[in-house]
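# Geometric and topological summary
Single-letter residue listing:
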Amino acid sequence: GGFEECNKIIELSATPDEGYIFDGWYENGLKISDDINYSFTVTANRTLEARFLRIELDSISIDGEQQLEDMYIVECDKTLELNILLNPECAIVDETKVQWISSNSDMATVENGIVTGKKEGYVTISVFIEGREASCKVLVIDNRTRICEDCLGKGYENMYCDRCSIYGYEDC
């Protein structure tokens, strides 16, 4: 803002904050330009407004390490960090409204994306943000358990692959 001489060319530029996109330049409530950079010649007093739109969250998903096939693995008494992937990446979410839930807190708990293994078994970890949901399977194992991809693919519930032929033992 400010005062300028008549017939002077003014160049305006708008910079959106993270999580926002430029909507346009407005004067008296009407959009006069979609260009983020706008130039005009001063001929009279004008009040221009740059407007921005919040980038809305389309979807979310979960990502983390220690993934095997379509599930994550955590040992009893250890932790696994899960991350939220936003779509689009530049969307902004209110962190105070993110809710993580474990389908069985006796097997695994989750707080702020940190899963703590409690007892062997499968658990579903879900995250909820602004009406969107994502979930993933987590297998909690005893630290002595060895797991091979063949046995995971077969869906064995006990997952005691220590005996598996891949590790030189008889078939599970």
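Residues numbered from 1 in each chain as written. Predicted model: local features only at pLDDT ≥ 70, side-chain atom pairs only at ≥ 80, totals over all residues. Heavy atoms only, no water.

### Points about the nonpolar core
Applied cut-off: Take the buried residues of types Ala, Val, Leu, Ile, Met, Phe, Trp, Tyr and Cys, join any two whose side-chain atoms come within 4.5 Å, and each joined set is a nonpolar core. Three exposure classes are used, based on accessible area relative to the maximum for each residue type with a 1.4 Å probe and protein chains only: buried under 20%, partly exposed in between, and exposed over 50%. Runs of E in the DSSP output that reach at least two residues are strands. Runs of H or I that reach at least four are helices, and both are numbered from the N terminus. Working rule for contacts: check all heavy atoms of both residues, and any pair within 4.5 Å makes them a contact.
Membership of the largest hydrophobic core comes to 24 residues, with the highest contact counts inside it found for Leu82, Trp100, Val115, Ile125, Val127 and Val138. Secondary-structure elements contributing two or more residues to this core are β6 (59–64), β8 (71–75), β9 (79–87), β11 (108–111), β13 (121–129) and β14 (132–141). The contact partners of Val115, leaving out residues within four places of it in the chain, are Val74, Lys78, Thr79, Leu80, Leu82, Ala108, Thr109, Val110, Ile125 and Val138.

### Re the side chain of Ser102
Rules: Polar contact criterion, stated in full: a pair of N or O atoms within 3.5 Å, where within protein one must be able to donate a hydrogen and the other to accept it, and residues adjacent in sequence count only if both atoms are side-chain atoms.
Inspection of the secondary structure assignment puts Ser102 in strand β10 (residues 99–102). Judged by relative accessible area, which is 16%, Ser102 ranks as buried. A polar contact is formed between the side chain of Ser102 and the backbone nitrogen of Asn104, at a distance of 3.2 Å. Reaching out from Ser102, the side chain makes a polar contact with the backbone oxygen of Ala108 at a distance of 2.6 Å. Once residues within four sequence positions are removed from consideration, Ser102 is found in contact with Ala108, Thr109, Val110, Val123, Thr124 and Ile125.

### A closer look at the sheet that holds strand β2 (residues 20–27)
Note the cut-off: Two strands pair if DSSP finds at least two bridges between them. Note on definitions: angles span 0 to 180 degrees between N-to-C directions of axes, and those axes are lines fitted to C-alpha atoms, for helices only across the stretch in contact.
Taken in spatial order, the three strands line up as β3-β2-β5 in an open sheet, and their pairing is antiparallel. Each of the sheet's edge strands pairs with one partner strand only, and the pair in question is β3 (30–33) and β5 (48–54). The mean inter-strand angle of the sheet, taken between neighbouring strand axes irrespective of direction, is 50 degrees.

### So, the packing of aromatic side chains
Stated precisely, the cut-off is as follows: Only centres within 6.5 Å qualify two rings of Phe, Tyr or Trp (six-membered ring in Trp) as a pair; their planes then separate them into stacked at under 30 degrees, edge-to-face at over 60, and tilted for everything else. Both a distance and an angle decide whether a charge sits over a ring: NZ of Lys or CZ of Arg must be within 6 Å of the ring centre and within 35 degrees of the ring normal.
Tallied over the entire structure, the rule returns four aromatic pairs. Note on Phe22 and Phe52: the rings are 5.8 Å apart at their centroids and 70 degrees apart in plane angle, and the pair reads as edge-to-face. A residue pair is termed long-range when its members are at least 10 positions apart, and Phe22 in strand β2 and Phe52 in strand β5 qualify at 30 residues. Residue Phe52 is classed as partly exposed on the basis of its relative accessible area of 32%. Taken together through their ring pairs, the aromatic side chains of Phe22, Trp25, Tyr38, Phe40 and Phe52 make up a single cluster. One residue, Arg46, lies across the ring of Phe40, its end atom 4.6 Å from the ring centre. Just above the ring of Tyr26 sits the side chain of Arg51; from NZ or CZ to the centre is 3.9 Å.

### Quick look at the confidence of the model for the chain
Let me state the cut-off plainly: Values of pLDDT, ranging from 0 to 100, describe the predictor's confidence in every residue of the model.
Per-residue pLDDT for the chain has a mean of 83; in total, 78% of the residues score no lower than 70. Overall, residues 155–160 carries pLDDT values under 50, and its contacts beyond four positions in sequence, including any with other chains, amount to 14 contacts.

### A closer look at the pattern of salt bridges
What counts here: A pair is scored as a salt bridge if a Lys or Arg side-chain nitrogen falls within 4 Å of a carboxyl oxygen belonging to Asp or Glu.
Counted by the stated rule, this structure contains six salt bridges. A salt bridge links Glu49 to Arg51; its shortest N-O distance comes to 3.3 Å. Overall, Arg51 belongs to the partly exposed group, its relative accessible area being 29%. Arg54 serves as the salt-bridge partner of Glu130, at 3.1 Å between the closest nitrogen and oxygen. A residue pair is termed long-range when its members are at least 10 positions apart, and Glu130 in the loop between β13 and β14 and Arg54 in strand β5 qualify at 76 residues. Relative accessible area serves as the criterion here: at 29%, Arg54 is assigned to the partly exposed category. Here the salt bridges do not stand alone but share partners, grouping Asp23, Lys31 and Asp34 into one network.

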